[in-house]
Number of protein chains: 2
Amino acid sequence: MADNQPLDIEDIVRDSFDENEAEQLTDKLSQLEPEEIAIALEAMPVEQRVSAWLGLHPDDQIGALTHMRVDARDNIFKQLDEQQLRTLVEGMEVDDLIELLDELPQRIYNYACSRLDASQRSWLETALTYDDDQCGRYADHDLLIINKNAKVRDAVRLFRKLADDAEYQDALFVIDRTGRYAGLVHATQILGLASHLPLENFIDTDAPIVDGTLELDQGSDIVSRSGYTALAVTDAEGKLLGRLSIGEALENVRRSLESQFMHTAGLDEEEDLFAPVFDSAKRRALWLGINLLTAFLAAYTIGLFEATLQQVVALAVLMPIVASMGGIAGSQTLTLMIRGLALEQITPKTYLMLFRKELGVGAINGVLWALVIAAITYLWFGDWIIGGIIGLAIVINIVVAAISGVFIPIWLEKLNIDPALSGSVILTTVTDVIGFFAFLGLGTLFLLA
Amino acid sequence: MADNQPLDIEDIVRDSFDENEAEQLTDKLSQLEPEEIAIALEAMPVEQRVSAWLGLHPDDQIGALTHMRVDARDNIFKQLDEQQLRTLVEGMEVDDLIELLDELPQRIYNYACSRLDASQRSWLETALTYDDDQCGRYADHDLLIINKNAKVRDAVRLFRKLADDAEYQDALFVIDRTGRYAGLVHATQILGLASHLPLENFIDTDAPIVDGTLELDQGSDIVSRSGYTALAVTDAEGKLLGRLSIGEALENVRRSLESQFMHTAGLDEEEDLFAPVFDSAKRRALWLGINLLTAFLAAYTIGLFEATLQQVVALAVLMPIVASMGGIAGSQTLTLMIRGLALEQITPKTYLMLFRKELGVGAINGVLWALVIAAITYLWFGDWIIGGIIGLAIVINIVVAAISGVFIPIWLEKLNIDPALSGSVILTTVTDVIGFFAFLGLGTLFLLA
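Reading the values: the criteria
- Residues numbered from 1 in each chain as written.
- Chains lettered and ligands numbered in written order.
- Predicted model: local features only at pLDDT ≥ 70, side-chain atom pairs only at ≥ 80, totals over all residues.
- Heavy atoms only, no water.
- UniProt positions renumbered as here; feature names shortened; annotations may be inferred.
- Least-squares fit on C-alpha atoms with pLDDT ≥ 70 in both.
- Contact = heavy atoms within 4.5 Å.
- Phe/Tyr/Trp six-rings, centres within 6.5 Å; stacked < 30°, edge-to-face > 60°.
- Helix = DSSP H or I, 4+ residues; strand = E, 2+ residues; numbered from the N terminus.
- Pairing = 2+ DSSP bridges.
- Domains from an automatic or database assignment.
- Buried < 20%, exposed > 50% of the residue type's maximum accessible area, 1.4 Å probe, protein only.
- Core = buried A, V, L, I, M, F, W, Y, C linked by side-chain atoms within 4.5 Å.

An unreviewed UniProt entry annotates chain A as Magnesium transporter MgtE originating from Arsukibacterium ikkense. UniProt lists a comment for chain A under the heading Function (unreviewed entry), and it reads "Acts as a magnesium transporter." Check the Sequence similarities (unreviewed entry) section of the UniProt entry for chain A; it says "Belongs to the SLC41A transporter family."

Student: Which residues make up the relation of the copies chain A and chain B, and what values do they have?
Tutor: Mapping chain A onto chain B calls for a rotation angle of 180° and an axial translation of 0.0 Å; the resulting RMSD is 0.1 Å. As the rotation angle and translation indicate, the two copies are arranged about a two-fold axis. With an isologous cut-off of 70% or more, the 100% of interface residues of chain A that recur at the interface of chain B puts this contact in the isologous class.

Student: Which residues make up the packing of aromatic side chains, and what are the values?
Tutor: Any pair of aromatic rings gets described here by the distance separating the centres and the angle formed by the planes. Applying the stated criterion across every chain, the model contains 12 aromatic pairs over all chains. Taken together, a centroid distance of 5.5 Å and an interplanar angle of 70° make the contact between Phe-305 of chain A and Phe-437 of chain A edge-to-face. On the criterion of sequence distance, the pair formed by Phe-305 of chain A in the loop between α16 (277-303) and α17 (306-311) and Phe-437 of chain A in helix α21 (residues 419-447) is long-range, its members being 132 residues apart. Taking the centre distance of 4.8 Å and the plane angle of 25° together, the rings of Trp-380 of chain A and Phe-381 of chain A count as stacked. An aromatic cluster is built from Phe-296 of chain A together with Trp-380 and Phe-381 of chain B, whose rings are joined through pairwise contacts.

Student: Quick rundown of the sheet that holds strand β4 (residues 210-211) of chain B? Include the residues and the values.
Tutor: Residues and elements named next belong to chain B. Judged by pairing direction, the sheet is mixed, and its 3 strands sit side by side in the order β4-β5-β6 without closing on themselves. A strand with exactly one partner marks an edge of an open sheet, and here the two such strands are β4 and β6 (240-245). Relative to strand β5 (residues 230-234), β4 runs parallel, the two sharing 2 bridges. What sits directly across from Asp-211, in β5, is Thr-234.

Student: Describe the domain arrangement of chain A, naming the residues involved and giving the relevant values.
Tutor: Taken domain by domain, chain A consists of domain 1 (9-117), domain 2 (145-263) and domain 3 (277-447). Here domain 2 of chain A and domain 3 of chain A have C-alpha centroids that lie 49 Å from each other.

Student: Run through the UniProt feature "transmembrane region" (unreviewed entry) in chain A, naming residues and quoting values.
Tutor: Residue and element names in this part refer to chain A. Using the residue numbers shown here, the UniProt feature "transmembrane region" (unreviewed entry) corresponds to residues 285-305, 311-338, 359-380, 386-412 and 424-448. Note that residues 311-338 is 96% helix and 0% strand, and that its end C-alpha atoms are spaced 42 Å apart. Measuring from the first to the last C-alpha atom of residues 359-380 gives 30 Å, for a span that is 100% helix and 0% strand.

Student: Kindly report on the pairing of strand β3 (residues 181-186) of chain B, identifying the contributing residues and their values.
Tutor: All names here are of chain B. The buried fraction of β3 amounts to 5 of the 6 residues, a majority that puts the element mostly inside the structure. Of the pairings in the sheet, the one linking strand β2 (residues 171-175) to β3 comprises 5 bridges and is antiparallel in character. Bridge assignment links Phe-173 to a residue of β3, and that residue is Leu-184. With antiparallel pairing between neighbouring strands as the criterion, β2 and β3 make up a hairpin whose turn holds 5 residues, including Gly-179 at a positive phi of roughly 90°.

Student: Run through the nonpolar core, naming residues and quoting values.
Tutor: Core analysis: the largest hydrophobic core is formed by 79 residues, its most contacted members being Ile-321 and Phe-439 of chain A together with Ile-321 and Phe-439 of chain B. Tallying contributions element by element places helix α18 (residues 313-342) of chain B first for this core, with 13 residues. Residues Ala-72, Val-94, Leu-101 and Met-262 of chain A belong to the second largest nonpolar core, which totals 65 residues.

Student: So what's going on with helix α9 (residues 106-114) of chain A? Residues and values would help.
Tutor: Turning to α9 of chain A, its buried residues are Ile-108, Tyr-109, Tyr-111, Ala-112 and Cys-113 of chain A. In this structure, the buried residues of α9 of chain A make contact with α7 (82-90), α8 (94-100) and α10 (118-128) of chain A.

Student: Describe the sheet that holds strand β5 (residues 230-234) of chain A, naming the residues involved and giving the relevant values.
Tutor: Overall, mixed pairing links the 3 strands, which are arranged β4-β5-β6 (chain A) in an open sheet. The open sheet has two edge strands with one neighbour each: β4 (210-211) and β6 (240-245) of chain A.

Here's what the structure looks like:
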């Protein structure tokens, strides 16, 4: 249980470097919630992380792993020997196993499966019929289920069995004889009721239901906006697969926004702060390679005007300004669009209005900064023509940036490509190429006459 | 109440454009949760938004406003006349008033205050003693409070008064005679107890407490990780100020991550998709201006080498590649660091290790891509020296980018400047200037000998 102080990771990380503090470190970590342990472990270099993790109680070990980012977790797995892995999975419930599925070596996974009883195995099999981005796979079984024709006293008895630290367990999930989900019974709604009353009269049937095939992000949004602490996840026949709680919804919302942020730099949200150098270099190399292609495309565009540059070297000096202003203006529009798309706020009905608005913003800022840049250029090079050329190129590039900023993300979304990941590369390719082309092209036209 | 379908904003927005569908639109919106109404309204251009909003029930009007992004909300306020504003605030509770404080015209705010009773006014005054990023200001009063020496029957009675749609109300907040917070009583823990028993034996004193002076983000993290649906917010004397619920925590977490994302493009998370063109242009102009300064700095650096460029125009063609590769590599490190800092995972103890790791990643990718670029350059210009120069400049710039990517955000954080907002501008200034300087400087050294 956390006390009322914010989590002090700095203190914990410091302890992890001091072998004499090992015991104290374990104490401190054990007092935290699993999510907090996960964050603290991620903040440690792999060596310290592994030894801090090994000091934990098996339940905390599993809790921390399931809450860690995949790469950070993987870097612990890699340090464990066969026996440690086996011991670890022996304590795992099906929920945990599903979460860790992709990172466990096959033979360890098989070993874990062989230890499950029939009902757990059937649960695992049902979960695995859903894709790894669907709610059906992650529906948790940490829920209290009661039959529709039970009495109030049965519900009370069931609630009273709850452990003290049960999370988001203020309602029972009601099923009918065939296993179909029928609604919720809230603890607050049956307080003080006579114990012989049929439960059926107190079922809340208004709670939204999460279909197992829904994407995890959508399911999480439904839970987070519903005002309920957990909702039922059901299969195509309406049978109860498990629940999605507000705690998991919150973690999913967090991950999904974090991934949007990381994607802007071509990174994965699972990236470990302390990944081995070589792993990290390998992963990032691809993004640099893609960027290199676009940089060469920009260079090629410049190369078309070698003769012009040779005669008017001022153009070479100024050309990055044109490209950069376009890139910045475009990425503002792009970022606004990506957020809107993520919230599903961009609809065909408003494409054109958004376009007109962004075009207007681009035109105003284009003209404004074109004048400023033209004036500075004149002061610098004492040449009104170069000033006029750069001003015109800036207007063109900022307007093109606005258009690209609106339509590139819409188009990527239609192609099912994540605009947060690919949008900025494509956009800057456009603004670089158009920027250089417009500026050097106008320069060729007006200065080499 | 939402049904089991994900929110269909596209459909709602389409209706908002059709005057014949006004009634149907109101129906659809009324069936949504306030947060969903807010998202749907934000997806409409201002004209449609205002008329859709005016059609809502007063409670939904207020609920939608308090959940909307500030600018989107403001664009509704601007369309309301004096009487509409007065009618609106008449239905507001203190919670809502605090939320909308900054956007209400002063006279409307005064009018709203004049209608509060003494206890509400005292609550408002207490809340306003806290800063607008502190938990004390936003602690909500939508909580059930019970005295420490009450009996189980009192608690049951209190719970039974709850409205059907009460959110996250599965526990009572216990206070002692002096108004100090003493713990929680969970509905599930008093089910089936004899009604004459003293409540005191069933108080959960383990729940974390949120200090009123804590930042809202920190308080929200505590709530979201605690496993409780709501925690007490207390003042310096331990008196109960209100509660922070998981619902609000989730919204705060969402906003804070969204702002991180929007800041990378110099935008505010409150930015309205359909802001008036001029407002939007004005707000974005500043960011373009800051960028312009850095672009001129880069141009100035290039200008130092005019003589070189005049003689070897290939350098002008290739120089954007050096700057761009540095910028991309640096922003990967920067993004990783910003996430780590936001999670408080970057501690002084590990600065050096992170630096060494990023330096290693930079060195590997620097050398790798330097070789590739050198080879392509040779093929393009048939000149090994230029190839060697660009390769060396790339290595230098990617290594500088790694160093900057680690230390710029740490340094900004120490100065209390948001690294998500300023980090990338400073970083690209460094990588542009160093990139151009290294490449053109080496060019001058080796090609003009």
